[in-house]
Amino acid sequence: ALLLSGSKLKKQALFMCLLDAFTFGFEKHSKSYYTVRKGVALLQEEWNKNEKMSRYAQVCGISESGFYTYFKKWAGCSPTDYRNKIRINAAKSMIENSNLQISEIAFNTGFDDPYYFSRLFKSYTGKSFTEYLKSKRIERAVMLVKTTDSKVLDIASEVGYTDSTKFFADFKNITGKTPLQYRKS
């Protein structure tokens, strides 16, 4: 079960947007896709579960190695890599749209081990979870500093900082200015 609040419809819509963005350009009418389509549909539905790939192969009525072969021909990556890409994209969306902690995001995206999730996140994004989180929080803070009259401490809290000193240091590190200097520029 997901820990995120909000309607199931919003979650489903977000997932479908992520999925459409990820699968854009894949040939959905190829022989490879036709062979694995039921497994792909189930994998897309169960992206945050830790099901074995043999389950999806069984749904297609083919061997696990056959599933891997046809899937890779269709998607250009293994089914495990495909699922991980969906999970990492969902994690990036959670980072941008919530103030969840790494363990909560890892759990919500189907990972039992936050350390493994963190390593995988870096391998897919090129940034550590902390670097990505910091950059997205400051990106949101910059937008709020520029477009609202909110107090800087309120903005820090809104974007997920509990330590104002850390917020000011991160903001200045990334933008080269303090929030008030940035607002005046």
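It should be emphasised that the depicted structure is a prediction, and the values quoted were computed from it without experimental measurement.

What counts, and at which threshold
Residues numbered from 1 in each chain as written. Predicted model: local features only at pLDDT ≥ 70, side-chain atom pairs only at ≥ 80, totals over all residues. Heavy atoms only, no water. Helix = DSSP H or I, 4+ residues; strand = E, 2+ residues; numbered from the N terminus. Buried < 20%, exposed > 50% of the residue type's maximum accessible area, 1.4 Å probe, protein only. 1 Å grid on protein atoms, 1.4 Å probe; cavity = no way out; pocket = protein on both sides within 12 Å on 5 of 7 lines; lining within 4 Å. Points joined across faces, edges and corners; volume = space filled by probe spheres on them. Nonpolar A, V, L, I, M, F, W, Y, C, P; charged D, E, K, R; others polar. pLDDT = per-residue confidence, 0-100. Contact = heavy atoms within 4.5 Å. Axes fitted to C-alpha atoms, helices over the stretch in contact; angles between N-to-C directions. Parallel < 35°, antiparallel > 145°, perpendicular 65-115°, else oblique. Left-handed = near helix turned anticlockwise from the far one by under 90°.

Asks: So what's going on with the environment of serine 103? Residues and values would help.
Replies: Note that serine 103 resides in helix 6 (residues 102-108). Looking at serine 103, the relative accessible area reads 40%, which means it is partly exposed. Along the primary structure serine 103 and tyrosine 115 are separated by 12 residues, whereas in three dimensions their C-alpha atoms are 8.7 Å apart.

Asks: Which residues make up the layout of surface pockets, and what values go with them?
Replies: Its boundaries defined by the atoms lining it, the second largest pocket holds a volume of some 170 Å³. Of all the elements in the fold, those that place two or more residues in the lining of the second largest pocket are helix 8 (129-147) and helix 10 (164-175). Sort the elements by how many residues they give to the lining of the second largest pocket and helix 8 lands first, with four residues. Residue classes in the lining of the second largest pocket are distributed as two nonpolar, four polar and five charged.

Asks: Give a description of the confidence of the model for the chain that names residues and reports values.
Replies: For the chain, mean pLDDT is 86; residues scoring 70 or higher make up 83% of the total. Contacts of residues 1-6 to residues separated by more than four positions or lying in other chains number 14 contacts, the stretch itself having pLDDT below 50.

Asks: Break down the packing of helix 5 (residues 79-97) against helix 8 for me, with residues and values.
Replies: Interaxial distance between helix 5 and helix 8 falls to 9 Å at its minimum, and their mutual angle equals 40°. Considered as vectors, helix 5 and helix 8 are oriented oblique to each other. Every pair of crossing elements has a handedness; the one defined by helix 5 and helix 8 is right-handed. Residue-level contacts link Lys92, Ile95 and Glu96 of helix 5 to Phe129, Tyr132, Leu133, Lys136 and Arg140 of helix 8. Looking at side-chain class alone, the contact of helix 5 with helix 8 contains four nonpolar, no polar and four charged residues.

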